[in-house]
There are 6 protein chains.
Amino acid sequence: MKTSALEPTYIFSEAEAKAKSPLAAEFLDERSRLNGIVNEADNKLLKRIYNVDTNAYLEGALPAKTKELMGLVASATLRCDDCINYHVIQAWRLGCSRAEQEEPINVATVVGGTIVIPHLRRAYALLQELYS
Amino acid sequence: MKTSALEPTYIFSEAEAKAKSPLAAEFLDERSRLNGIVNEADNKLLKRIYNVDTNAYLEGALPAKTKELMGLVASATLRCDDCINYHVIQAWRLGCSRAEQEEPINVATVVGGTIVIPHLRRAYALLQELYS
Amino acid sequence: MKTSALEPTYIFSEAEAKAKSPLAAEFLDERSRLNGIVNEADNKLLKRIYNVDTNAYLEGALPAKTKELMGLVASATLRCDDCINYHVIQAWRLGCSRAEQEEPINVATVVGGTIVIPHLRRAYALLQELYS
Amino acid sequence: MKTSALEPTYIFSEAEAKAKSPLAAEFLDERSRLNGIVNEADNKLLKRIYNVDTNAYLEGALPAKTKELMGLVASATLRCDDCINYHVIQAWRLGCSRAEQEEPINVATVVGGTIVIPHLRRAYALLQELYS
Amino acid sequence: MKTSALEPTYIFSEAEAKAKSPLAAEFLDERSRLNGIVNEADNKLLKRIYNVDTNAYLEGALPAKTKELMGLVASATLRCDDCINYHVIQAWRLGCSRAEQEEPINVATVVGGTIVIPHLRRAYALLQELYS
Amino acid sequence: MKTSALEPTYIFSEAEAKAKSPLAAEFLDERSRLNGIVNEADNKLLKRIYNVDTNAYLEGALPAKTKELMGLVASATLRCDDCINYHVIQAWRLGCSRAEQEEPINVATVVGGTIVIPHLRRAYALLQELYS
């Protein structure tokens, strides 16, 4: 299950996300630091899970952009700030408009309820920085 | 917030879904029966919630098809068979291919874990009937 | 932590709930059958948990009626049909009006989202039988 | 669905909550800042959801005080610190006693399990400040 | 990531579980029927997820028996009847005692709350049949 | 339901955990401070819940070590950082190896999905400090 042919084309790099948004920079740096600790541990099953995770968002029957936005739906529905941040940044890097990003957050808030609101508030702060 | 202009165009009717799939028929009939009981109660706030729910899946910054598939992501992530059934049928009525339906289920299973598997098994039984 | 002094006064018995509503009867009979199996197992910690559970709904700083309706909020928010059935029946037995029962379901659906709707549909079917 | 006639009467203002409790002040200020960002975005569906949310806690078949405490049950059951803070402050502003506030937290912890404990610890820190 | 060397040794077969318990038979047959439908669809990512799932319960730093009981903890905590059934049957096939099976259910009920009770009731019915 | 005879034997004290790991120290100190506030409130039902919680992890049909690791499964599955920290520290104090600690995290991530990953990242940072 190689992934290369289906790798999406990013319009912006992680570095550009960090340059544009202090919230993105803080999140990506901490994520990178902690992933370093996880990688060092070299847990076989975990590596397999990380690999499946990467494969879930490649170009497929739906475009990678749509799949990242679906990752955002799942993350907002399950109310995980780190996961929301990650998919918002990925969708921005793939060229999604701000309006396109607000749609999955709407769906997640309708399906998942007002308990999602504290998380969407923080997501909107990130969106504001990335799309300013 | 009127909805008429943004109503999606369905390729198939609910009746066609029921004719094609016994599982869809059983689900839609029971849903309709119970919604009748809810409607009779005429709870104002609940009507408002139903209305917002309808608005969440209209044509917008993203096509209604994509938003139905996002509803499927949220439903599978939160493991609600009735909600999964509903969005699978809606996406089928809007002309989504079977491959397009499998993508949101994949995303939900990766993000939500193997606890989603019993629900995707039942979703696949419905997909098999609708796309046979 | 004895419970006797704080036992709420039921206006209706379980038998009356069963006589009034086939849905209540089916639920209570199955619950009773399965609790019999659990009791036979005589698991000490589980008995302790059952005991704490009973204590949570006694008369206290808030009336037992209100606490049963709060149990209904928690049950609907976490989307557990059996738990919803149980608290609806208990609240009915304590004399809550139908309108009072609809309020916690509304709160749960707003906070918990439309994913609660399939469960409230079934709750409304039970309410219809109990309050007809 | 106008809300004015059913607006609850607050005994204390938000400013009084902030003067009484540093934890309340920090939470309310951050919430207000982020809601400002959300409001600027002017997302139609989201405004509708905020509006339904407001309506859920008005005077109705149950008093607004009770409904705020039910919001607290739902928030604690779903383990959302921001939501817990909000409903604790609202219930305090409406004149609920500290003992009345502890009851919904008890129900949520019994129904939702010990996973709620880290959140109730933080809720108790807020209660301590508001009711000192 | 081959699995053969770490395959646990089952004391009982699935057929023996089905012969012993009507509840196990009904569950395993339906699971097998639905897995057949999923397999036919031949979704690459899903196969990968199934494969990771299998690897999670092999002999490792902890014995397979313990890991199956941990699967039971996760399943009961997330309140999935099908998953509970599966891990109870697997743990039985690996030779866990009934008392060993009750421990993870206790942990899940303490951590996950009384919302787990309807599921443990059904789990106890299965345990009763398997260990009679 | 006295607990003394079944108290597990700790190899390391809480103080040793704090001396070894700054993350453990920060967590345990804050937990202790907040538990002080909860204890002062002297809520009867809550004390009962704390007591049941303690009983859930004593020596029983399974060793206390295994039950702490099961608490870790439940905590990671429900994605509670504080609970994860607590059980990781307890399991370390009871002499579990690092490899034994990674197993329940694996099970929780497979069952609970990639939404668990941000939490396991933080768990690995704690593991790194405790087992360095």
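Refer to the structure printed above.
Colleague: Would you mind going over the relation of the copies chain A and chain B with me for this structure?
Modeller: Comparison of the two chain copies shows a relationship of rotation about an axis with a shift along it. With an RMSD of 0.0 Å, the operation that places chain A on chain B is a rotation of 180 degrees combined with a shift of 0.0 Å along the axis. Taken together, the turn and the small shift mark the pair as related by a two-fold rotation axis. Taken as a fraction of all interface residues of chain A, those also at the interface in chain B reach 100%, which identifies the copy contact as same-surface.

Colleague: Whenever I open this one, the packing of helix α7 (residues 117–130) of chain B against helix α2 (residues 22–41) of chain E confuses me. Can you help?
Modeller: Any two packed helices are characterised by the angle at which their axes cross and by the distance between the axes. Contact geometry of α7(B) with α2(E) gives a least axis separation of 9 Å together with a crossing angle of 60 degrees. Pair α7(B) / α2(E) crosses with left-handed handedness. Between α7(B) and α2(E), the contacting residues are L120(B), R121(B), R122(B), Y124(B), A125(B) and Q128(B) on the first element and R31(E), L34(E), N35(E), I37(E), V38(E), E40(E) and A41(E) on the second. For the contact of α7(B) with α2(E), the residue count by class is seven nonpolar, two polar and four charged.

Colleague: Just to check I follow, could you spell out the side chain of R93(A) for this structure?
Modeller: All names here are of chain A. Looking at the secondary structure, you find R93 in helix α5 (residues 81–93). A polar contact is formed between the side chain of R93 and the backbone oxygen of F12, at a distance of 2.9 Å. Dropping the residues within four chain positions of it, R93 is found in contact with Y10, I11, F12, S13 and E14.

Colleague: Is there a simple way to explain the packing of helix α5 (residues 81–93) of chain D against helix α7 (residues 117–130) of chain D in this structure?
Modeller: All names here are of chain D. Axis separation between α5 and α7 bottoms out at 10 Å; the angle between their running directions is 30 degrees. Taken together, the axes of α5 and α7 lie roughly parallel to each other. At the point where α5 passes α7, the crossing takes the right-handed sense. On α7, the residues that touch D81, I84, N85, V88, I89 and W92 of α5 are H119, R122, A123, L126, L127 and L130. Per-class residue counts for the contact of α5 with α7 are eight nonpolar, two polar and two charged.

Colleague: Looking at this structure, I do not really get the interface of chain A and chain B. What am I missing?
Modeller: By a widely used convention, the size of an interface equals the accessible area lost when the partners come together. Every contact between the two is made by 24 residues of chain A and, on the other side, 24 residues of chain B. Regarding the contact of chain A and chain B, the summed buried area is about 2,000 Å², with carbon and sulfur atoms giving 81% of it. Put simply, chain A and chain B have two salt bridges between them. As a salt-bridge pair, K67(B) and E103(A) come within 3.0 Å of each other at their nearest N and O atoms. Along the contact surface separating chain A from chain B lie six residue pairs in polar contact (both at pLDDT 80 or more). Counting only elements with at least two residues in the side of chain A that touches chain B, the list comes to α3 (44–56), α4 (64–77) and α6 (98–112) of chain A.

Colleague: Looking at this structure, I do not really get the state of the cysteines. What am I missing?
Modeller: Should the sulfur atoms of two cysteines be covalently bonded, the bond is a disulfide. Counted under the stated rule, the structure contains six disulfides over all chains. The side chain of C80(B) participates in a disulfide bridge whose partner is C83(B); the two sulfur atoms lie 2.4 Å from each other. Taking the sign of the S-S torsion, about 60 degrees here, the bridge from C80(B) to C83(B) comes out right-handed. Given the relative accessible area of 9%, C83(B) is considered buried. Cysteine C96(C) is unpaired, with the sulfur of C96(D) as its nearest cysteine sulfur at 17 Å.

The rules behind these values
- Residues numbered from 1 in each chain as written.
- Chains lettered and ligands numbered in written order.
- Predicted model: local features only at pLDDT ≥ 70, side-chain atom pairs only at ≥ 80, totals over all residues.
- Heavy atoms only, no water.
- Least-squares fit on C-alpha atoms with pLDDT ≥ 70 in both.
- Contact = heavy atoms within 4.5 Å.
- Axes fitted to C-alpha atoms, helices over the stretch in contact; angles between N-to-C directions.
- Helix = DSSP H or I, 4+ residues; strand = E, 2+ residues; numbered from the N terminus.
- Left-handed = near helix turned anticlockwise from the far one by under 90°.
- Nonpolar A, V, L, I, M, F, W, Y, C, P; charged D, E, K, R; others polar.
- Polar contact = N/O pair within 3.5 Å; in protein donor to acceptor, adjacent residues only side chain to side chain.
- Parallel < 35°, antiparallel > 145°, perpendicular 65-115°, else oblique.
- Buried area = accessible area lost by both parts, 1.4 Å probe.
- Salt bridge = Lys/Arg side-chain N within 4 Å of Asp/Glu carboxyl O.
- Disulfide = S-S within 2.5 Å.
- Buried < 20%, exposed > 50% of the residue type's maximum accessible area, 1.4 Å probe, protein only.

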